[in-house]
Amino acid sequence: MIWYLLRRLAAAAVVLLALSAIVYALFYLSPGDPAVLACGRGCDGERLALTREKLGLDDPVHLQYWHFLEGLVAGRDYSAGPDVDHCAAPCLGYSFQTDQPVTTMLLDRLPVSASLAAGAAALALPLGVSAGLLSALRRGRLTERVMTGVTLLGFATPVFLIGLVLLMVFCAYLQWLPFPAYVPLTESPARWAQNLVLPWVALALIQAAVYARITRAGALETLVEDHVRTFRAYGLRERQVIRRHALRGALIPLITLTALEVAQVMTAAVLTETMFGLPGIGKLTVESVNSVDLPVVVGVTVLAGTVVVVANTVADLLHAAADPRVKLA
Amino acid sequence: MTLLDTELAPGAEPARKVPLRGRQTWRRLRADRPAMAGLAIVASMIVVALAAPLLCALEGQDPTTFHSGLLDSARGGVPHGAFGGMSGDHWLGVEPGTGRDVFARVVHGARVSLAVALGATVLELLVGIAIGLGAGLGGRRADAVLSRLIELSLAFPPFLLALALMAIVPQSVPRPLLLACVLTAVNWGSVARVTRNQAMALRGRDHVAAARLSGARPARIAVREILPGLAAPLLVLAALKVPANMISEAGLSFLGAGVRPPTPSWGQMLSTATTWFRTDPAYVIIPGALLFTTLLACTLLADGVRRAVDPRWNGRS
């Protein structure tokens, strides 16, 4: 087990390194001039030259990438003569458009994204798991058909469309809720929740569809197994069958597949944040793409790739730990 | 290593290994009512997209002319009249703020949506099959290199990478073409993985050995002996990719990184609608309903295709 763990971690580290190198090369060797892209629109000659010098764009690209890695581990300074911008470790880059280290910008936006993700997961998990279980237990009946239909709707609807409809119904038409404007949890928990209800629901509906499908498949698979039939034949109560077997059978795929869906959840979160105007990491990404703030785009892409790789690794390790049938070779 | 391990996870593989029997599959699909409903909607959407200039000529409007006279400047540019200014001249009303004809824009939007979704799917299949076959049949060294490449491509969050790439791609290329290429660049990995694994499994079969011994060239073996065995899983994967690409196009355009005005797209219209939904709900409902219906139809069709190819599929993944 320990060897498997170490090998798995080493593999993940290699993938991460390759991933960051590709992202770096992709964006800094792009056809456009990276200095122009980093400096932003309407950047004049002098500031452009300054940005070029600070980024070290005249160095060979492998040296630039080395400095990027160095910055991640030890922090770095972007200097041009007396003008120095310090970027503390872990430095993902420095945005010359906002004059801030990318890491700081991300950390500033993190509470918003975390609030959104946590609330949505708290709604989606029970909703999705119970819908999936219900659909598996009522196989072949109307309930199953309805549940499958609803799940399909969740898969086929873009999250921003759900968000728009929610806004129209609850804010514009019924006027039960104010138009969402993010309020920090530390300022007022009640208004924090009130403003986040709609984004939570929108994101949770999409996620619940994923959970429901996974749970249903896992439970169905377990319920037809021989040992479950034997337990039923011995007179084990249905409630016990569900709790001990159906739910447990669904648990392993739920853990691993949830981690594998992390990219999809990030996508939905970016769209939700933009839709509701929540100033989170997703909205930052969209803003920096639209204003072509290259260092932020590169930083966020590397970070997102890291999250996916870490989630995949954790999923594999959990899967190996939870299911003794997995070969550790 | 990494992501190929996840095949151990149930549901990670898109389809079990079943041979494709064309006529039988089609018969099963014909009997599948939701799938046929999906197919009918998708087919009519394709007709609408192809006939977009014709339909606009019939209405007598085009998607780019501003009609500022039809807007109520006192209310910030909301169209005059009920339901977003629907009238005999403008069947679905006009766009708030600009006064462009909504009917003309949504039928041209169907073109963008379908062209990007289908175009990206075809390109992904081409790239994925080429790389997958290279890995599966090209010998140990090619497999080592290409498999690492496939793993890497699967490690990226595709939508975010596409979003980032749209920031740096040349602005002179037509946006729909660019979108199809960018979506291909971030999504080819799953096709390549399925192709590689299937090709590996088929490589050792007798009919492949027989072809090799009778002196067939590797390219001929790949096309005549291996590709037919790939038809079933790739058909399922392609059917799933169409709605996935459509939703990505809508999402990217919604975020302002996809199709740009004056070219219309449903996602982009919905993005504009976020500022108008209070005063002009029709402008949300029309592109929203079209996008939703088309996506649902594609998803129903994809599910049906999967059931038809593999009747024992139990609805997972």
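Note that the coordinates shown come from a computational prediction; the quantities given were computed from them, not determined experimentally.

> How should I be thinking about the overall build of chain B in this particular structure?
On a plain count of helices and strands, chain B comes out with 12 helices and two strands. Helices and strands appear in chain B in the N-to-C order α-α-α-α-β-β-α-α-α-α-α-α-α-α. With the principal axes as the frame, chain B shows a C-alpha extent of 80 × 45 × 35 Å. Across the 317 residues in chain B, those meeting the buried criterion constitute 55%. Taking contacts inside chain B between residues at least 6 apart in sequence as the whole, the part at least 24 apart equals 74%. Total accessible area on chain B stands at roughly 13500 Å², and carbon and sulfur atoms take up 64% of it. Here chain B carries 31 positive and 19 negative side-chain charges, and the mean point of each set is 11 Å from the other.

> Where do I start with the UniProt feature "transmembrane region" (unreviewed entry) in chain B in this structure?
All names here are of chain B. Within the UniProt annotation, "transmembrane region" (unreviewed entry) is assigned to residues 35-55, 112-137, 149-170, 176-195, 226-244 and 282-302. Along residues 176-195, the helical share is 100% and the strand share 0%, with 27 Å between the first and last C-alpha atoms. What you have in residues 226-244 is 100% helix and 0% strand, and the ends, taken at the C-alpha atoms, are 27 Å apart.

> Please explain the UniProt feature "transmembrane region" (unreviewed entry) in chain A as it appears in this structure.
Sites flagged by UniProt as "transmembrane region" (unreviewed entry) map to residues 114-137, 149-176, 196-214, 246-272 and 292-315 of chain A. Counted over residues 246-272 of chain A, helix gives 96% and strand 0%. Its end C-alpha atoms are 33 Å apart.

> I keep staring at the UniProt feature "domain: ABC transmembrane type-1" (unreviewed entry) in chain A and nothing clicks. Help me out?
Per the UniProt entry, the sites bearing "domain: ABC transmembrane type-1" (unreviewed entry) are residues 110-319 of chain A in this numbering. Secondary structure across residues 110-319 of chain A divides into 83% helix and 0% strand, with the first and last C-alpha atoms of the span separated by 29 Å.

About the thresholds
- Per chain, the residues get numbers from 1 upward, laid out in the order the sequence is written.
- For naming, the first written chain is A and the first written ligand is 1, with later ones following in the order written.
- At least 70 in pLDDT is required for a residue's local features to be given in this predicted model, at least 80 for side-chain atom pairs to be given and counted, and no such filter applies to totals for whole chains, interfaces and linings, which use all residues.
- Based on all heavy atoms of the structure, the side-chain values leave hydrogens and waters out of the count.
- Strands are runs of DSSP state E lasting at least two residues, helices are runs of H or I lasting at least four, and both sets are numbered from the N terminus onward.
- Exposure categories follow from relative accessible area, calculated using a 1.4 Å probe and restricted to protein chains: below 20% of the type maximum is buried, above 50% is exposed, and the middle band is partly exposed.
- Only heavy atoms enter the contact rule, under which two residues are in contact if any of them lie within 4.5 Å.
- Only the protein chains shown count as cover for residues, with accessible areas throughout obtained via the Shrake-Rupley method and a probe of 1.4 Å.
- When charges are counted, neither His nor the chain ends are considered; positive counts come from Lys and Arg and negative counts from Asp and Glu.
- Here the site of a charge means atom NZ of a Lys, CZ of an Arg, CG of an Asp or CD of a Glu.
- UniProt positions are given in the numbering used here, feature names are shortened, and annotations may be inferred rather than shown by experiment.

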